[in-house]
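# Observations on the three-dimensional arrangement
Each chain, written out:
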Amino acid sequence: MDQKIRVLVAKAGLDGHDRGAKVVAAALRDAGMEVIYTGLRQTPEMIVEAAIQEDVHAIGISILSGAHMTIFPKILQLMREKEVEDILLFGGGIIPESDLVKLKEMGIGMLFTPGTSTQDIIKYLTEWVEKHPKN
Amino acid sequence: MISNNFIEKIFRQEKKSVSRAITLVESGDEKATNLLKELHKRTGNAYRIGITGPPGAGKSTLTNQLTKYYRKQNKTVGIIAIDPTSPFTGGALLGDRVRMSEIGTDPGVFIRSMATRGNLGGLSKKTIDAADVLDAAGYEYIIFETVGVGQSELDIANAADSTIVVLVPESGDSIQAMKAGLMEIADFFVLNKSDRPGSENAVTALRTILMLRDHTEKDWLPNIIKAVASENTGISDIADEIVRHKSFLENNELLLSKREEHFRIRIKEIVETLIRNHLWRDKRVSILEEKLSIVVNRAESPYEVAEHLFSDFQDQIVKQ
């Protein structure tokens, strides 16, 4: 099957800083991916529902508000309820080291912190999709 | 093979299966063809609406409001939002969901963003295949939403039962010079953002052009509906106009002939795709590559090469 990589990029919760999300979305597009950008103030329900309808390989969440310990686990929980754990949940933002460890333990993918090159994100996603093709 | 279980899930409108089915038809492989064959009998119940217009006219906002209107009437809605694929990178940024956040979690709504992929700026064959999935899944209205630049507006008219062209007051001056295609495919126009200055002038300019067209009393004459989609103004007028157009088509036995015409175009396209796939097999691809330098050196013309390739193709068919 045509493995065109589809990624959902969203801003979750009350957080209006979308420059980073837009930069990442544009970089992924320029790398040949189909990026579904949902915009600001998305609830975990909206994000998971959109990911299902868009049949994406990955969900990328940008959080700069400090709510990462609430939002990431909630999205993960909804993904399990809806049985779409085959989708990669990854993200980026300002997240302290100790939280990064905890989130990773929960089963969340890479979390990119400030200063990351968009090339690293592209490489990460491309390799992940190669290893986890949709059947 | 396509499992019956999978098809049953599509018929039950299970979103995960509907979504996976759209991915499958987008891939265009043999499995997709089998699925579409299975689904066809269950299609034809949805009413298909095309919404097009220049960038920034408010198509996504209008789609959002119209969907909310239908949901109040307990009708289910499937939306296919189409954005162009970059011909340079193959990537696409699909942002129509931004304006549809409110309806994104409604159980009676399914929104799918599609990139045009190989089809230059147009509404691809696969978009119509995806609409068939939504139709078979029982969505009562299907809305195609696409930017009206290039070829896509003609394609949308070949996929929709009713086509709406959305304009804004600022389109006024340019309406005169507007590409013929966009004007002619509209079953009606929506002048969105009509609370802005210049809206009366835009309506007049539009009406003048429409009146200049050859028409008899029996013909459908496209109306112009004023709306402010962001404030939910004029949405019921738009829904009413869709009903009026649908009744006009039905009462004049035009809906079936319109759909026949759509299938005529679609079947031809499928056949042409099949031919193209058989045509460009290894041997002819290498002949083509070999001939390029010869053509550049003016030893053979492109037409000679083309005829050579075509007769090779014919020979192969005769042998089979």
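Bear in mind that the values here come from a model prediction, so they are computed numbers and not experimental data. (Residues numbered from 1 in each chain as written. Chains lettered and ligands numbered in written order. Predicted model: local features only at pLDDT ≥ 70, side-chain atom pairs only at ≥ 80, totals over all residues. Heavy atoms only, no water.)

### Description of the overall build of chain A
Scanning chain A from N- to C-terminus turns up 5 helices and 5 strands. Starting at the N terminus and walking to the C terminus, you meet the elements of chain A as β-α-β-α-β-α-β-α-β-α. For 135 residues, the compact-globule estimate of 2.2 N^0.38 gives 14 Å, and the C-alpha radius of gyration of chain A, at 13 Å, lies within 12% of that figure. Seen through its principal axes, chain A has C-alpha atoms that stretch 40 × 35 × 25 Å. Across the 135 residues in chain A, those meeting the buried criterion constitute 54%. Within chain A, contacts between residues separated by at least 24 positions form 72% of all contacts whose residues are at least 6 apart in sequence. As displayed, chain A has an accessible area near 6100 Å², and 54% of this comes from carbon and sulfur atoms. For chain A, the distance from the average position of its 15 positive side-chain charges to the average position of its 19 negative side-chain charges is 4 Å. (Helix = DSSP H or I, 4+ residues; strand = E, 2+ residues; numbered from the N terminus. Rg over C-alpha atoms; globule rule 2.2 N^0.38 Å. Buried < 20%, exposed > 50% of the residue type's maximum accessible area, 1.4 Å probe, protein only. Contact = heavy atoms within 4.5 Å. Areas by Shrake-Rupley, 256 points an atom, 1.4 Å probe, with all protein chains shown as cover. Lys, Arg positive; Asp, Glu negative; His and termini not counted. Charge placed at Lys NZ, Arg CZ, Asp CG, Glu CD.)

### Quick word on empty space enclosed by the protein
All chains considered together, the criterion is met by 2 cavities of 30 Å³ or more. Empty space within the second largest cavity amounts to approximately 70 Å³. Class assignment of the residues belonging to the lining of the second largest cavity gives a composition of 4 nonpolar, 4 polar and 1 charged. (1 Å grid on protein atoms, 1.4 Å probe; cavity = no way out; pocket = protein on both sides within 12 Å on 5 of 7 lines; lining within 4 Å. Points joined across faces, edges and corners; volume = space filled by probe spheres on them. Nonpolar A, V, L, I, M, F, W, Y, C, P; charged D, E, K, R; others polar.)

### Some details on the interface of chain B and chain A
Chain B puts 28 residues into the contact, and the matching count from chain A is 30 residues. Summed over both sides, the interface of chain B with chain A buries roughly 2500 Å², with 50% coming from carbon and sulfur. If you look at where chain B meets chain A, you find 5 salt bridges. For Lys15 of chain B, the salt bridge is made with Glu49 of chain A, and the minimal N-O distance between the two is 3.7 Å. (Buried area = accessible area lost by both parts, 1.4 Å probe. Salt bridge = Lys/Arg side-chain N within 4 Å of Asp/Glu carboxyl O.)

### With respect to the pattern of salt bridges
Side chains that carry opposite charge are capable of pairing whenever their charged atoms lie near each other. Applying the stated criterion across every chain, the model contains 36 salt bridges over all chains. A salt bridge links Glu45 of chain A to Lys74 of chain A; the shortest N-O distance between them is 3.9 Å. Here the residue Glu45 of chain A occupies a position in helix H2 (residues 44–54), and Lys74 of chain A occupies one in helix H3 (residues 68–81), the gap between them amounting to 29 residues. Counted as one network, the salt bridges with shared partners bring together Arg6, Glu34 and Glu54 of chain A together with Glu26, Arg97, Arg112 and Arg117 of chain B.

### Quick word on the packing of helix H1 (residues 19–30) of chain A against helix H5 (residues 118–131) of chain A
Residues and elements named next belong to chain A. Between H1 and H5, whose axes approach to 10 Å, the crossing angle comes to 55°. Between H1 and H5, the crossing angle belongs to the class labelled oblique. Considering the relative orientation of H1 and H5, their crossing is right-handed. Facing Val23, Val24, Ala27 and Leu28 of H1, the residues of H5 in contact are Thr118, Ile121, Ile122 and Leu125. Classifying every residue of the contact of H1 with H5 by side-chain character gives 7 nonpolar, 1 polar and no charged. (Axes fitted to C-alpha atoms, helices over the stretch in contact; angles between N-to-C directions. Parallel < 35°, antiparallel > 145°, perpendicular 65-115°, else oblique. Left-handed = near helix turned anticlockwise from the far one by under 90°.)

### What about the nonpolar core?
Residues and elements named next belong to chain B. Membership of the largest hydrophobic core comes to 46 residues, with the highest contact counts inside it found for Ile10, Leu35, Phe144 and Phe189. Sequence-distant contacts of Phe189, defined by excluding residues within four places in its chain, comprise Val165, Leu167, Leu182, Met183, Leu206, Leu210, Pro222, Asn223, Ile224 and Ile225. Core analysis: the next-biggest nonpolar cluster, separate from the first, contains 31 residues, Ile79, Ile164, Phe188 and Ile235 among them. (Core = buried A, V, L, I, M, F, W, Y, C linked by side-chain atoms within 4.5 Å.)

### Section: the domain arrangement of chain B
Partitioning chain B into structural domains gives domain 1 (41–252) and domain 2 (280–319). In this structure, domain 1 of chain B and domain 2 of chain B have C-alpha centres spaced 43 Å apart. (Domains from an automatic or database assignment.)

### Quick word on the sheet that holds strand S8 (residues 223–226) of chain B
All names here are of chain B. Spatially, S4-S2-S5-S1-S6-S7-S8 is the arrangement adopted by the 7 strands of the open sheet, whose pairing is parallel. Edge positions in the sheet fall to strand S4 (109–115) and S8, since each of these pairs with one other strand and no more. Strand-to-strand twist across the sheet, computed as the mean angle between neighbouring axes with direction ignored, equals 20°. The sheet contact formed by strand S2 (residues 77–83) and S4 spans 7 bridges and is parallel. Note on S4: the bridge partner recorded for Ile80 is Arg112. The sheet strands contacting helix H5 (residues 125–136) are strand S1 (47–53), S2, S4 and strand S5 (141–147), and the helix crosses S2 at an angle near 165°. Helix H9 (residues 199–212) contacts strand S6 (162–167), strand S7 (188–191) and S8 of the sheet and is inclined by roughly 170° relative to S8. (Pairing = 2+ DSSP bridges.)

### Focus: unusual backbone geometry
Residues and elements named next belong to chain A. In the Ramachandran plot, Asp55 falls in the positive-phi region, its phi being about 45° despite a non-glycine side chain. Tracing the backbone through its elements, the reader meets Asp55 in the loop between H2 and strand S3 (58–63). Judged by its relative accessible area of 6%, Asp55 is buried.

### A closer look at the environment of Thr208 of chain B
All names here are of chain B. Turning to its location among the elements, Thr208 is positioned in helix H9. With a relative accessible area of 43%, Thr208 lands in the partly exposed category. At 2.6 Å, the side chain of Thr208 and the backbone oxygen of Thr204 are in polar contact. (Polar contact = N/O pair within 3.5 Å; in protein donor to acceptor, adjacent residues only side chain to side chain.)

### Section: the sheet that holds strand S5 (residues 111–112) of chain A
Across the sheet, 6 strands lie side by side as S5(A)-S4(A)-S3(A)-S1(A)-S2(A)-S3(B); this open sheet has parallel pairing. Pairing within the sheet leaves two strands with one partner each, and these edge strands are S5 of chain A together with strand S3 (92–94) of chain B. With 5 bridges connecting them, strand S1 (residues 6–12) of chain A and S3 of chain A associate as parallel partners. Of the residues in S3 of chain A, the one forming a bridge with Val9 of chain A is Gly60 of chain A. Packing against the sheet, H5 of chain A makes contact with S1, S3, strand S4 (88–93) and S5 of chain A, and its axis sits at approximately 170° to S4 of chain A.

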